Amino acid sequence: MQKPSLPKGTRDFGPVQMARRNFILNTIKDTFQLFGYQQIETPAMENLSTLTGKYGDEGDQLLFKILNSGDFLKKVNSDDIASGAAVTLPKVAEKGLRYDLTVPFARYVVMNRNELTFPFKRFQIQPVWRADRPQKGRYREFYQCDADVVGTESLVCEAEIVLMIRDVFTKLGLSSYDIKVNNRKILTGISEAIGESGKEGPLCVAIDKLDKIGWQKVKEELGERGFASQSVDKLEPLVQLETDLKGKIAFLKDFLATSEVGLKGVSELEEMLDILDQMGANLEHVDFDIMLARGLSYYTGAIFEVKVKGVSIGSVSGGGRYDNLTGVFGLSGVSGVGFSFGVDRLYDVLEELDLFPEESLKGTTLLLTHFDQKGFRYALNVLTQFRNAGIKAEIYPDVVKAKKQFDFANKKGIPFVGICGDNEIATETLALKNLETGNQENLKVEEVISLLKGN
RNA sequence: GUGAUUGUAGCUCAGCUGGUUAGAGCGCUGGUUUGUGGCACCAGAGGUCGCCGGUUCGAACCCGGUCUUUCACCCCA
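Values in this document were obtained by computation on a predicted structure and should not be read as measured data. Residue indices begin from 1 for each chain and proceed along its sequence in written order. Working convention: letters from A go to chains and numbers from 1 go to ligands, in the order in which they are written. Since the coordinates come from a predicted model, pLDDT governs what is reported: local features require at least 70, and pairs of side-chain atoms require 80 or more to be given and counted, while whole-chain, interface and lining totals use all residues. To obtain the side-chain values, all non-hydrogen atoms of the structure were used and water was disregarded.

Draft legend 1. Seen up close, helix α13 (residues 260-278). Between its first and last C-alpha, α13 extends 27 Å over 19 residues, near the 27 Å set by a 1.5 Å rise per residue. Any residue under 20% of the maximum accessible area for its type is buried, any over 50% is exposed, and the rest in between are partly exposed; the area is computed with a 1.4 Å probe on protein chains only. Each helix is a run of DSSP H or I of at least 4 residues and each strand a run of E of at least 2, with the numbering of both proceeding from the N terminus. Those residues of α13 that fall on the buried side of the exposure criterion are Gly-262, Gly-265, Val-266, Glu-268, Leu-269, Met-272, Leu-273, Ile-275 and Leu-276. Residues of α13 that are buried sit in contact with α7 (156-172), β7 (177-183), α8 (184-193), α12 (245-255), β8 (286-288) and β9 (302-308). Count one or two residues on from α13 and you reach Gly-280, which has phi positive near 80 degrees. Helix span is expected to be 1.5 Å times the residue number reduced by one. When checking whether two residues touch, look at their non-hydrogen atoms; a contact exists if any pair is within 4.5 Å.

Draft legend 2. How the structure looks around the sheet that holds strand β15 (residues 429-434). Taken together, five strands build an open sheet; the order of strands is β13-β12-β14-β15-β16 and the sheet is mixed. Sheet topology places β13 (393-395) and β16 (440-444) at the edges, where each strand pairs with a single neighbour. Here the strands of the sheet are splayed against their neighbours by 30 degrees on average, with no regard to which way each runs. A pair of strands is labelled paired if DSSP reports no fewer than 2 bridges between them. Note that strand β12 (residues 366-370) and strand β14 (residues 416-420) share five bridges and pair parallel. Residue pairing across strands places Leu-366 opposite Phe-416, the latter belonging to β14. Note on definitions: angles span 0 to 180 degrees between N-to-C directions of axes, and those axes are lines fitted to C-alpha atoms, for helices only across the stretch in contact. Contacting β12, β13, β14 and β15, helix α15 (residues 373-388) crosses the sheet at an angle of about 165 degrees to β13. Together, β12, β13, β14 and β15 form the strand contacts of helix α16 (residues 402-412), whose direction differs from that of β12 by roughly 170 degrees.

Draft legend 3. Unusual backbone geometry, seen in detail. Look at the link from Phe-118 to Pro-119: it is a cis peptide, with omega at -5 degrees. One non-glycine residue with positive phi stands out, namely His-285, at about 75 degrees. The residue Glu-428 is not glycine, and still its phi comes out positive at about 55 degrees. Locating Glu-428 in the fold gives a position in the loop between α17 (422-427) and β15.

Draft legend 4. Seen up close, the side chain of Lys-180. The topology assignment puts Lys-180 in strand β7. Ignoring sequence-local partners within four residues, the contact set of Lys-180 consists of Asp-287, Asp-289, Leu-292, Ile-303, Phe-304 and Glu-305.

Draft legend 5. Expanded view of the environment of Leu-367. One can find Leu-367 in strand β12. Given a relative accessible area of 0%, Leu-367 falls into the buried group. Sequence-wise, Leu-367 and Phe-406 are 39 residues apart; in three dimensions their C-alpha atoms are separated by 8.7 Å. Setting aside its immediate chain neighbours within four residues, Leu-367 contacts Glu-394, Ile-395, Tyr-396, Gln-405, Phe-408, Ala-409, Ile-414, Phe-416, Val-417 and Gly-418.

Draft legend 6. The arrangement of the pattern of salt bridges in detail. Any carboxyl oxygen of Asp or Glu that lies within 4 Å of a side-chain nitrogen of Lys or Arg is treated as forming a salt bridge with it. Enumeration over the complete set of coordinates arrives at 26 salt bridges. Between Glu-160 and Lys-121 there is a salt bridge, with the nearest N and O atoms lying 3.4 Å from each other. Of the two residues, Glu-160 is situated in helix α7 and Lys-121 in strand β5 (residues 120-129); the sequence distance between them amounts to 39 residues. Since its relative accessible area comes to 15%, Glu-160 is described here as buried. Salt bridges linked by common partners bring Arg-11, Arg-21 and Asp-344 together as one network.

Draft legend 7. Looking closely at the layout of surface pockets. Here the second largest pocket is characterised by a volume of approximately 340 Å³. Grid points spaced at 1 Å over the protein atoms alone were grouped into cavities, where a 1.4 Å probe fits but cannot get out, and pockets, open sets with protein on both sides within 12 Å along at least five of seven lines, with lining residues defined by an atom within 4 Å of a point. The wall of the second largest pocket is formed by 17 residues, among which Lys-362, Thr-364, Gly-413, Ile-414 and Pro-415 lie closest to the centre. Residues are grouped as follows: Ala, Val, Leu, Ile, Met, Phe, Trp, Tyr, Cys and Pro are nonpolar; Asp, Glu, Lys and Arg are charged; every other residue, Gly included, is polar. Each residue belonging to the lining of the second largest pocket can be placed in one class, and the counts come to six nonpolar, seven polar and four charged. Grid points are joined across faces, edges and corners, and a volume is the space filled by probe spheres set on the points.

Draft legend 8. Region of the structure containing the state of the cysteines. Only a pair of cysteine sulfur atoms within 2.5 Å counts as a disulfide in this structure description. The tally for this structure, following the rule as stated, stands at zero disulfides. The cysteine Cys-145 is free of any disulfide, with Cys-157 supplying the nearest cysteine sulfur at 19 Å. Classification of Cys-157 by relative accessible area gives buried; the value is 8%.

Draft legend 9. Inspection of the protein's contact with RNA strand B at higher detail. Note on definitions. A residue lies near a molecule or strand when any single heavy atom of the residue is within 4 Å of it. Residues in contact with RNA strand B amount to 45 residues; listed here are only the nearest, Arg-130, Lys-136, Arg-138, Leu-435 and Gln-440. Near the protein, within 4 Å, the atoms of RNA strand B are sugar or phosphate in 47% of cases. Polar contacts here mean pairs of N or O atoms no more than 3.5 Å apart (in protein, one a potential hydrogen donor and the other a potential acceptor; neighbouring residues in sequence count only if both atoms are side-chain atoms). A distance of 2.6 Å is found between a sugar or linking oxygen of RNA strand B and a side-chain nitrogen or oxygen belonging to Arg-130. Interatomic distance of 2.4 Å between a backbone N/O atom of Leu-435 and a base nitrogen of RNA strand B. At the level of elements, β6 (141-150), α16, α17 and β15 are the ones that each hand at least two residues to the surface near RNA strand B. Counting residues per element, the surface near RNA strand B draws most heavily on α16, at seven residues. Tallied by class, residues from the surface near RNA strand B come to twelve nonpolar, twelve polar and 21 charged.

So yeah, pure geometry; function would need other evidence.
Written as structure tokens, this is what we have:
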């Protein structure tokens, strides 16, 4: 028999990991609800036609396809196979695993447009799958925590995204991070201003790597992507720009003077900042990064990305506004904005920074131990009393020697042991031992209950 | 998808230029202690050296393939 194993890029989560994941998940969930978002779930698999073409060619390649059930070859003939995978694929696979939560959400909105009350604010916490090569902080199955609003163009949503990110990070104990903000319209404006209008796509992809590979390499890449060198030179002052928020905005108003879209982008950004101000919020952690691009092709307005400083993990959260995502499913004129937390990456970050609180691991409070059948039966009765009082309690289920039962409590991190022996049975008490201090005293069951209630 | 890299006990890792029976620490099981855990001491179990094939008198070690890990590119949470 061969050893069992997991598919590449997937993981099991044991009790300790789940306790920690739930700490993150619950924090995010609480925040989403605090801001008025409602939870939904969608199926793990979607029709392939729902998924393909939404993430670019690159994304299509990373989709997991599900082989049709039964005789999956029945529609395929030898010509199809000779024509290659692109022709054969749609005939053998009609479904795929979701790649993100935004596209299934767009599908959901279109299908339920008559039932939903707009603006519709929903959150969704589910795994997604990408056939990527795994790396640190990069898995083939991972969870996303999305919050999106559709049916309004109000920039209040953008402002609230900033607030939610800060809320979650504060609760998680993260204090050193940047919420990078930009606007696709600004990037579009830049491509117009440098005389390469319509090329913001490739511009974004190249520019996004600026802090990673440096300006020289970005220049080369832009050249390879067909940008004229005088256009690339016009970018230089932007790249070299070192000033504060106000300075950047002033500079852009001048730089983008000829671009209507570009100016719109700047004013959207200003309005978002103004709304934050009105809400009494400061701009802590907010970093207007003109060079922030993000690859996803459907963004049209604000874009966000969050990076924790001083860790080896990439971005832990990202998002943006998309004007017409539902358009591809036949419902146009619905603007949406949303963002996503990557739980798995947040987990890695918190672990790297050693920020998981002890309490997130707390399980059973009390283990009842016994020496013989008589004590075991007494413990069964006492156990129920503890559980009825809301105290997390368990009994060692076999009659074995005391050492084994104490070892069990130790390893499971159970802080108290209630010993049930002949003396205790006779006096209707428990010998309550605190495993941390080693102190032990005989107490009535009710006394133990009131003592442990606080735990 | 491209180019590297990793794999030996449950875990972390030794294992010389290919040479008898593959080791250590931790963990695990049992005992010293049949009403008391952590500490100590003693004993023990546990490995098709990722998998398949090849070279060789002989392979954990060399070669090929494959899977897995990690990393860079691409892209991204």
